[in-house]
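# Structural overview
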Amino acid sequence: MPWVRFDDRFPSNRKVRLLSDSAFRLYVSAICWSAENLTDGVVKTKELRLVADVKNASKRAQELVDSGLWVPVSGTGWRIHDYHEYQPTAEQVRADREAKTARQKRWRDKKRSDDTSQDEDPEEGDVDASTPPSRDASKDAAPRTRVPGPARPGPTRTSRGADVCAPRTGSTSHRADKAHTPIPATFEPSSDSLAWAEREGHLERLGGRTALAAVTAAFVDWHTAKATLAADPDALWRKWVREQRTTPAAADTTVVPFPGSPAASRTTQQRAALAAAREIHRQKGMIQ
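Residues numbered from 1 in each chain as written. Predicted model: local features only at pLDDT ≥ 70, side-chain atom pairs only at ≥ 80, totals over all residues. Heavy atoms only, no water.

The next subject is the packing of helix α9 (residues 209-226) against helix α10 (residues 233-242). For the pair α9 and α10, interaxial distance at closest approach is 11 Å and the crossing angle is 120°. For α9 against α10, the interelement crossing comes out right-handed. Residue-level contacts link Leu212, Val215, Thr216, Ala218, Phe219, Trp222 and His223 of α9 to Pro233, Leu236, Trp237, Trp240 and Val241 of α10. A class-by-class count of the residues in the contact of α9 with α10 yields 10 nonpolar, 2 polar and no charged. (Axes fitted to C-alpha atoms, helices over the stretch in contact; angles between N-to-C directions. Helix = DSSP H or I, 4+ residues; strand = E, 2+ residues; numbered from the N terminus. Left-handed = near helix turned anticlockwise from the far one by under 90°. Contact = heavy atoms within 4.5 Å. Nonpolar A, V, L, I, M, F, W, Y, C, P; charged D, E, K, R; others polar.)

Following this line, the structure appears as structure tokens:
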């Protein structure tokens, strides 16, 4: 089956734009008719009604003649003007069909031959005749090469129910090969983490190093009980510290002694000790 070719500016051509709808349909249908029947652009008078179902086909044919798109052929009918400028001749179409038939025979012979491996691609020009025309006619085109894309990363496997501590954003290439292990019962924050807590003001906010030690003990108790797996326990500890809230001082309804008196010193010390105890108990989950 041959193909017809139309320039992408065909509908906007001055001659085509001036046609009536019926004449336009007859013109396009005649090109397809000629390609299908290998008439080399000739439309016979007796076959005009077979080309397109339009009213007053003879009148529309005369309109095409007047516009210069058809040329009258005496005793025959009409010829499409410049038909072979875009469409192949009937001789070219027949030659292509014969060549395709020969290629099909060679392809079938190769398939039956024991000398050709089943995994070997057919040589250029020896493709099956059922190959789409777009591929069969692309002998002059540069061969396509398959460019491999990036390999997919393997999925990260974690234990069910475990807390994954890898950061969600940023570069994690330096932690890609680090295994997730349980939080040890003897965990202590690194010097860098302690410096971070002091630099960010968490040490002062929580009440000093003693209170921070109580926070660390609660952190270890909590994650040991849950059997948490972490690739970087220090990162998880810093997250824990950031989320800790200080206990507000209880409202004092007693009479405050004058500053400097022994009673005042004892009361202040008792309040500090009570606040520290409450914080330790809260971190360990002993009280809500």
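Moving on to the packing of aromatic side chains. Within this structure, the stated rule accounts for 8 aromatic pairs. Geometrically, the ring pair formed by Trp196 and Trp237 is edge-to-face, given 6.4 Å between the ring centres and 65° between the ring planes. Highlighted residues: Trp196 in helix α7 (residues 191-199) and Trp237 in helix α10, separated in sequence by 41 residues. For the pair formed by Trp196 and Trp237, the shared burial category is buried. (Phe/Tyr/Trp six-rings, centres within 6.5 Å; stacked < 30°, edge-to-face > 60°. Buried < 20%, exposed > 50% of the residue type's maximum accessible area, 1.4 Å probe, protein only.)

It is worth spelling out the sheet that holds strand β3 (residues 77-80) at this point. One key point about sheets: their strands pair by backbone hydrogen bonds, in either a parallel or an antiparallel sense. In space, the 3 strands of this open sheet follow the order β1-β3-β2, with antiparallel pairing throughout. Since the sheet does not close on itself, it has two edges, and those belong to β1 (42-44) and β2 (70-73), each with one partner. Sheet twist, expressed as the mean angle between neighbouring strand axes with direction ignored, is 30°. Sheet topology note: the β2/β3 ladder contains 4 bridges and is antiparallel. Residue pairing in the sheet places Trp70 in a bridge with Ile80 of β3. (Pairing = 2+ DSSP bridges.)

So, on to the packing of α7 against α10. It is the contact of α7 with α10, at a shortest axis distance of 10 Å, that shows an interaxial angle of 20°. On the basis of the axis angle, α7 is roughly parallel to α10. Considering the relative orientation of α7 and α10, their crossing is right-handed. Of α10, the residues touching α7 (which contributes Ser193, Leu194, Trp196 and Ala197) are Asp234, Trp237, Arg238, Val241 and Arg242. In terms of residue class, the contact of α7 with α10 is built from 5 nonpolar, 1 polar and 3 charged. (Parallel < 35°, antiparallel > 145°, perpendicular 65-115°, else oblique.)

No statement about biological role is implied by the geometric values presented.
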